[in-house]
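Structural overview
Next come the chains, spelled out residue by residue.
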Amino acid sequence: MHKKTHERIAGRLAELRETSDSEVKRVEEVVQEAKAYAETLVETVREPLLVLDGDLRVVSANRSFCQTFQVSPEETKGHLIYELGSNQWDIPRLRVLLEEMLPRDTQVQDFEVDHEFPVIGRRAMVLNAHRIFRNNNGTSLILLALEDITERQQAEEALGEARDALERQLQERTADLRAASEQLQREITERQQAEEALEKTREALEKQLQERTADLRVASEQLQREITERQQAEEALCSLEELIENEVQIIQDRLVAFGRDFHITFWGNKATQEI
């Protein structure tokens, strides 16, 4: 009885062992499939992506990360993130993200980092970090995605400079237009003043012309009167001269002149008749 019970127990244990081994194998297959799926997802992400363990060591780095920062997978896997690329990732801002912010929050988004890398030069990046907890062993992984915004930032800076240049040009052009407008307004005012002065001068000249015309008219009338008076005087003088000539002729006709010896020296035409 005891032997049979022992055999049954042994058989049951063997069945359980086979079931456990099969279950473990199935779980391992599931884990491997999940791992392969996760790695495939990591590799298909276009942005550089790192998977870190709880100690901040690199579990995997996708192809984009290796190409962007010119490192090989062997140089990254199993290393602390700060040791990558001759310690080029030992960035104070990155330590703030991983050691101060991420322990308090399961994810951090749009964390900006600006750093001078020895090989690729200065880069501006936006980091997004997410902590994933694994319930089976109580550990966690960190997904760290990096977006290189250097070109976008440079484009924005160039756009900003262009905008500032255009704004300066606009301000200068506005100032030029304002100055031109003020100059034009001054010229218009000066022209109006000149036209007003010209109008006043014209009116003064017209007044002077009217006065001069009136003076000339008066002078012309006075001259006409003087001419008339002179003509009348000349006519009177002619009449007087004729009268005088007539009187002289009459006298001459009747005149008898004697010399010192009382001889007649002149005898008028009518003297004989009168005698």
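Just so it is clear, the structure is predicted and the values come from calculations on it, not from any experiment.

Looking at the overall build of the protein
Within the protein, the regular secondary structure consists of 7 helices and 7 strands. Helices and strands in the protein line up, N terminus first, as α-β-β-α-α-α-α-β-β-β-α-β-β-α. Burial statistics for the protein: of 275 residues in total, 18% are counted as buried. Pairs at least 24 apart in sequence give 32% of the contacts found in the protein among residues at least 6 apart. When the accessible surface of the protein is summed, it comes to about 21300 Å², and 52% of that surface belongs to carbon and sulfur atoms.

Some words on the nonpolar core
With 29 residues, the main nonpolar core has Ile81, Trp89, Leu94 and Leu144 as its most contacted residues. Within the residue set of this core, elements represented by two or more residues are β1 (49–53), β2 (58–61), α2 (63–69), α5 (92–101), β3 (107–117), β4 (121–134) and β5 (139–148). A per-element tally of this core places β3 first, with 4 residues. When neighbours within four sequence positions are excluded, Trp89 is seen to be in contact with Phe65, Phe69, Ile81, Tyr82, Leu84, Leu94, Phe117, Met125 and Leu146.

Some remarks on the packing of aromatic side chains
Scanning the entire structure with this criterion turns up 3 aromatic pairs. A centroid spacing of 5.0 Å and a plane angle of 45° characterise the contact between Phe65 and Phe69, whose relative ring orientation is tilted. With Phe65 and Phe69 both in helix α2 and 4 residues apart, this pair spans about one turn of that helix. Neither Phe65 nor Phe69 differs from the other in exposure class; each is buried.

Some thoughts on the pattern of salt bridges
A complete count under the given rule lists 10 salt bridges for this structure. For Asp90, the salt bridge is made with Arg95, and the minimal N-O distance between the two is 2.9 Å. A salt bridge links Glu147 to Arg152; its shortest N-O distance comes to 3.8 Å. Classification of Arg152 as partly exposed rests on a relative accessible area of 43%.

Details of α5
All buried positions along α5 are accounted for by Leu94, Leu97 and Leu98. The arc that holds every buried residue of α5, seen down its axis, measures 80°, which confines them to one face.

A look at a negative patch on the surface
On the surface, Glu156, Glu157, Glu161, Asp164 and Glu167 cluster together into a patch of negative charge. Mapped onto the fold, Glu156 is located in helix α6 (residues 150–254). Looking at Glu156, the relative accessible area reads 49%, which means it is partly exposed.

Structural notes on the side chain of Arg131
With respect to the helices and strands, the residue Arg131 is situated in strand β4. Here Arg131 is buried and forms no salt bridge, its nearest opposite-charge partner Asp53 lying at an N-O distance of 8.8 Å. The residues contacting Arg131, other than those within four sequence positions of it, are Leu102, Pro103, Thr106, Ser140, Leu141 and Ile142.

Comments concerning a nonpolar patch on the surface
There is a patch of nonpolar side chains on the surface, built from Leu237, Leu240, Leu243 and Ile244 and spanning about 360 Å² of accessible area. Looking at the element boundaries, Leu240 is found in helix α6. For Leu240, a relative accessible area of 43% puts it in the partly exposed group.

Thoughts on unusual backbone geometry
Here Gln70, not a glycine, exhibits a phi torsion of approximately 55°, which is positive. Positive phi outside glycine occurs at Asp110, with the angle close to 55°. The topology assignment puts Asp110 in strand β3. Relative accessible area serves as the criterion here: at 56%, Asp110 is assigned to the exposed category.

Observations concerning the side chain of Asn62
Residue placement: Asn62 occurs in the loop between β2 and α2. One polar contact links the side chain of Asn62 to the main-chain amide nitrogen of Leu49, over a distance of 3.0 Å.

Things to note about the confidence of the model for the protein
Here the protein averages 77 in pLDDT, and 71% of its residues register 70 or above. Below a pLDDT of 50 lies the segment residues 30–38, which in the model reaches 0 contacts outside its immediate sequence neighbourhood of four places, other chains included.

The rules behind these values
Residues numbered from 1 in each chain as written. Predicted model: local features only at pLDDT ≥ 70, side-chain atom pairs only at ≥ 80, totals over all residues. Heavy atoms only, no water. Helix = DSSP H or I, 4+ residues; strand = E, 2+ residues; numbered from the N terminus. Buried < 20%, exposed > 50% of the residue type's maximum accessible area, 1.4 Å probe, protein only. Contact = heavy atoms within 4.5 Å. Areas by Shrake-Rupley, 256 points an atom, 1.4 Å probe, with all protein chains shown as cover. Core = buried A, V, L, I, M, F, W, Y, C linked by side-chain atoms within 4.5 Å. Phe/Tyr/Trp six-rings, centres within 6.5 Å; stacked < 30°, edge-to-face > 60°. Salt bridge = Lys/Arg side-chain N within 4 Å of Asp/Glu carboxyl O. Arc of directions from axis to C-beta. Patch = residues over 30% accessible without salt bridge, like charges linked within 9 Å, V, L, I, M, F, W, Y side chains within 5 Å. Lys, Arg positive; Asp, Glu negative; His and termini not counted. Charge placed at Lys NZ, Arg CZ, Asp CG, Glu CD. Polar contact = N/O pair within 3.5 Å; in protein donor to acceptor, adjacent residues only side chain to side chain. pLDDT = per-residue confidence, 0-100.

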